[in-house]
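Spelled out from the first residue to the last, the chains are:
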Amino acid sequence: MSRRRTLGTKKKIALLVSAATVAGGGAFVMASTSNAAPTPKSASESTVCLGLATALGNNQKFIADQRANPDAQSGARIANREAVVAEIKRKQEASGCAVGESAQDSQTAQPSQPAQPAQPSDPAQPAQPSQPPESAPAGNQGGGAASGQQVCNGSTVTLSGEGGAPAASSNQFPAGTKLKVTNLDNNKSTTVEVTSVSGSCALLNNAAFEQVREPGKFLIRRALIEKVG
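Reading the values: the criteria
Residues numbered from 1 in each chain as written. Predicted model: local features only at pLDDT ≥ 70, side-chain atom pairs only at ≥ 80, totals over all residues. Heavy atoms only, no water. Phe/Tyr/Trp six-rings, centres within 6.5 Å; stacked < 30°, edge-to-face > 60°. Lys NZ or Arg CZ within 6 Å of the ring centre and 35° of its normal. Disulfide = S-S within 2.5 Å. Helix = DSSP H or I, 4+ residues; strand = E, 2+ residues; numbered from the N terminus. Buried < 20%, exposed > 50% of the residue type's maximum accessible area, 1.4 Å probe, protein only. Pairing = 2+ DSSP bridges. Salt bridge = Lys/Arg side-chain N within 4 Å of Asp/Glu carboxyl O. Core = buried A, V, L, I, M, F, W, Y, C linked by side-chain atoms within 4.5 Å. Contact = heavy atoms within 4.5 Å.

A. Structural view of the packing of aromatic side chains. Applying the stated rule across the entire model yields 0 aromatic pairs. Above the plane of the ring of F62 lies R81, whose end atom (NZ or CZ) is 4.0 Å from the centre. When the ring centre of F218 is taken as origin, the NZ or CZ atom of R213, which lies over that ring, is 4.7 Å away.

In structure tokens, the structure reads:
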């Protein structure tokens with residue numbers, strides 16, 4: 001009888017050890033799984049990805065516009081921009097961004113503001129004569145702005161991905177217009193000539209963007225754009 005009790009005790013101990021081993025293995029698997037969770041992007045990485053997505057969206061919009069309203073040079077322009085799109089996608093992959101993710105310039109993506117309800121008039125106050133509409137501020141006059149005036153207030157600036165000498169493309173200024181772009185985050189500026197059409201106020205090519213960019217960033221959030229010359 002005593003021998004059977006001894007053997008029974010040993011079996012119980014063995015079972016307890018096996019259970020502890022299995023539990024420990026499960027804990028290890030859970031720890032390994034939790035360690036494999038993706039690390040969220042830092043603020044700088046998110047800025048890089050947003051800049052590339054904006055550049056991609058601008059180029060895709062340009063291609064779509066050319067296809068919708070073709071002319072004799074549209075084929076060459078589209079081929080050039082398709083090469084730019086491919087280069088931006090390579091940069092997205094190298095930067096750890098979602099490849100193919102695109103976004104339009106922030107100025108064109110602003111949600112419309114709801115109309116404010118009309119205020120009831122005060123019967124005790126005499127009616128005021130209507131005033132003639134004020135002229136648009138200089139910063140929003142686009143191609144009609146005079147030399148030295150600030151234009152495209154609130155626009156962000158990104159790159160087109162095109163090579164060549166420093167230049168810009170624009171959806172508001174004709175070819176030959178000169179624009180001064182200042183990055184207010186580092187006070188660097190460049191003056192470039194508009195050479196082609198794009199989907200934003202000022203889209204800089206690679207050489208021009210390098211003159212004003214902050215290291216590792218593909219988007220200028222605080223930009224001052226002036227028409228010169």
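From this point, the narrative continues.
B. Here's a closer look at the state of the cysteines. The full count for this structure, using the stated rule, is 2 disulfides. One disulfide in the model links C49 with C97; its S-S distance is 2.1 Å. As the torsion about the S-S bond is roughly -85°, the C49-C97 disulfide counts as left-handed. Highlighted residues: C49 in helix α2 (residues 43–68) and C97 in the loop between α3 (74–94) and β1 (150–151), separated in sequence by 48 residues. In this structure C49 comes out as buried when scored by relative accessible area, which is 9%. The residue that forms a disulfide with C152 is C201, at a sulfur-sulfur distance of 1.8 Å. Measuring handedness by torsion sign, the sulfur bridge of C152 and C201 sits at about 80° and is right-handed. Note that C152 is positioned in the loop between β1 and β2 (157–159) and C201 in the loop between β5 (188–197) and β6 (203–204), a separation of 49 residues in sequence. Relative accessible area serves as the criterion here: at 2%, C201 is assigned to the buried category.

C. Quick look at the sheet that holds β5. Strand order in this open sheet of 8 strands is β1-β8-β4-β5-β3-β6-β2-β7, and the pairing throughout is mixed. Whereas interior strands pair on both sides, the edge strands pair on one side only; in this sheet they are β1 and β7 (219–220). Sheet topology places β2 next to β7; 2 bridges connect them, and they run antiparallel. Bridge pairing in β7 links V157 to I220.

D. How the structure looks around the pattern of salt bridges. Applying the stated criterion to the full structure yields 7 salt bridges. Among the ionic pairs, E87 bridges to R90, the shortest N-O distance being 2.8 Å. One end of the pair, E87, and the other, R90, are both in helix α3, 3 residues apart, so they sit about a helical turn from each other. The exposure class assigned to E87 is partly exposed, which follows from its relative accessible area of 29%. Measuring nitrogen to oxygen at the nearest pair gives 2.6 Å for the salt bridge that ties E210 to R213.

E. Layout of the nonpolar core. The biggest cluster of nonpolar side chains holds 31 residues, and the ones touching the most others in it are V157, F173, L204 and I225. For this core, the secondary-structure elements that each account for two or more residues are α2, α3, β2, β4 (178–183), β5, α4 (206–212) and β8 (223–228). Counting residues per element, this core draws most heavily on α2, which supplies 6 residues. The residues touching L204, leaving out its near neighbours within four places in the chain, are V157, T158, L159, S160, A167, A168, V181, V192, F209 and V212.

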